[in-house]
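Each chain, written out:
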Amino acid sequence: IYAIISAQRADVTNLKYVYFFVFSSLAGWALFAYFTTTQIIKSQQEYANIINRTGKQRMLSQKTALVAKRYYETKDKDLKSHLVSLQALMHSDHKRITNLHLDSETAKALYFKEPKLLNEKVNSYLSHVRGFIEDENLSSLRKIEALSFSLLPILNEAVNVFEHESETKTELLLHRELFILVGT
């Protein structure tokens, strides 16, 4: 009888270990799922922000040239004030993009390496806009217009790069979610 009771106690003890292992595994999978979902949400927020800012850079490169031209033609002080604020906005957004969001080699190459050198070109453009604000001459205006047109396709490429990176990162995290489902 003692042997039977000891065997039953051993079975109960083993069963406790099995239950502990199973519930610990489920808790681990649940935490893994939570962190994966959190990463997906954070990633989407970050990429939405950078895609928005980069798209805004496209618009601002065109709008500053248009406002500069209208100001040159009319000498309306409100347009000059608007041009100053547009230039400042484009500058601050560009700094945020280059300081915070260039994680991939593709984005870094687009902004800092030949042949695109987007960072250098945007800074040059902004410098010419500042120069026009100070000088208000026709040659500065023509340079702004030319740089604006040359920036547009590169800024469009930047938007596409960030969209592709967002999709790729999301796809990897969704594969992790599937792994969690199967594991659970």
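All values reported here derive from a predicted model rather than from experimental measurement.

Undergrad: For this particular structure, what's the right way to read the side chain of E145?
TA: Within the secondary structure, E145 sits in helix α5 (residues 138–183). We classify E145 as buried; its relative accessible area is 15%. Within the structure, the side chain of E145 is placed 3.0 Å from the side chain of R142, a separation counted as a polar contact. The residues touching E145, leaving out its near neighbours within four places in the chain, are A65 and K69.

Undergrad: Explain the packing of aromatic side chains here, please?
TA: Each aromatic ring pair is described using two quantities: the centre-to-centre distance and the angle formed by the ring planes. Using the criterion set out here, one finds 6 aromatic pairs in the structure. Where W29 meets F32, the ring centres are 6.2 Å apart and the plane angle is 55 degrees; that geometry is what we call tilted. Separated by 3 residues within a single helix, W29 and F32 lie in helix α1 (residues 2–74), roughly one turn from each other. Overall, F32 belongs to the partly exposed group, its relative accessible area being 29%. Look at Y111 and F112: their rings are 6.4 Å apart centre to centre, the planes differ by 45 degrees, and that puts the pair in the tilted class. What makes F112 partly exposed here is its relative accessible area of 41%. Put simply, the rings of Y71, Y72 and F132 touch in pairs and so form one group of aromatic residues. Above the plane of the ring of Y71 lies K75, whose end atom (NZ or CZ) is 5.5 Å from the centre.

Undergrad: I would appreciate a short explanation of the nonpolar core in the present structure.
TA: Nonpolar side chains in soluble globular proteins tend to be buried together. Formed by 32 residues in total, the largest nonpolar core has its most connected members in Y111, L118, Y125 and F162. For this core, the element with the most residues is α5, which contributes 9 residues. What Y125 contacts, discounting residues up to four positions off in sequence, is L60, S61, T64, A65, M90, I144, L147, S148 and L151.

Undergrad: Can you walk me through helix α2 (residues 77–100) in this structure?
TA: A rise of 1.5 Å per residue sets the reference length of α2, with its 24 residues, at 34 Å; its end C-alpha atoms lie 35 Å apart and thus fit the reference within 8%. Among all positions of α2, only L79, L83, L86, Q87, M90, D93, H94, I97 and T98 are buried. Its side-chain oxygen 2.9 Å from the backbone nitrogen of D78, D76 forms the N-cap of α2.

Undergrad: Would you mind showing me how to read the packing of helix α3 (residues 105–112) against α5 here?
TA: When two helices pack together, their arrangement is captured by the angle between the axes and the distance separating the axes. Between α3 and α5, the shortest axis-to-axis distance is 10 Å and the interhelical angle comes to 170 degrees. Considering their axes alone, α3 and α5 lie roughly antiparallel with respect to each other. In this structure, α3 uses T106, A107, L110 and Y111 to contact α5, whose residues at the interface are I154, E157, A158, V161, F162 and E165. Split by residue class, the contact of α3 with α5 holds 7 nonpolar, 1 polar and 2 charged.

Undergrad: Where do I start with a nonpolar patch on the surface in this structure?
TA: On the surface, L15, V18, Y19, F21, V22, F23 and L26 cluster together to form a nonpolar patch covering roughly 700 Å² of accessible area. Structurally, the position occupied by F23 is in helix α1. The class of F23 is exposed, set by a relative accessible area of 54%.

About the criteria used
Residues numbered from 1 in each chain as written. Predicted model: local features only at pLDDT ≥ 70, side-chain atom pairs only at ≥ 80, totals over all residues. Heavy atoms only, no water. Helix = DSSP H or I, 4+ residues; strand = E, 2+ residues; numbered from the N terminus. Buried < 20%, exposed > 50% of the residue type's maximum accessible area, 1.4 Å probe, protein only. Polar contact = N/O pair within 3.5 Å; in protein donor to acceptor, adjacent residues only side chain to side chain. Contact = heavy atoms within 4.5 Å. Phe/Tyr/Trp six-rings, centres within 6.5 Å; stacked < 30°, edge-to-face > 60°. Lys NZ or Arg CZ within 6 Å of the ring centre and 35° of its normal. Core = buried A, V, L, I, M, F, W, Y, C linked by side-chain atoms within 4.5 Å. Expected span 1.5 Å × (residues − 1). Axes fitted to C-alpha atoms, helices over the stretch in contact; angles between N-to-C directions. Parallel < 35°, antiparallel > 145°, perpendicular 65-115°, else oblique. Nonpolar A, V, L, I, M, F, W, Y, C, P; charged D, E, K, R; others polar. Patch = residues over 30% accessible without salt bridge, like charges linked within 9 Å, V, L, I, M, F, W, Y side chains within 5 Å. Areas by Shrake-Rupley, 256 points an atom, 1.4 Å probe, with all protein chains shown as cover. Salt bridge = Lys/Arg side-chain N within 4 Å of Asp/Glu carboxyl O.

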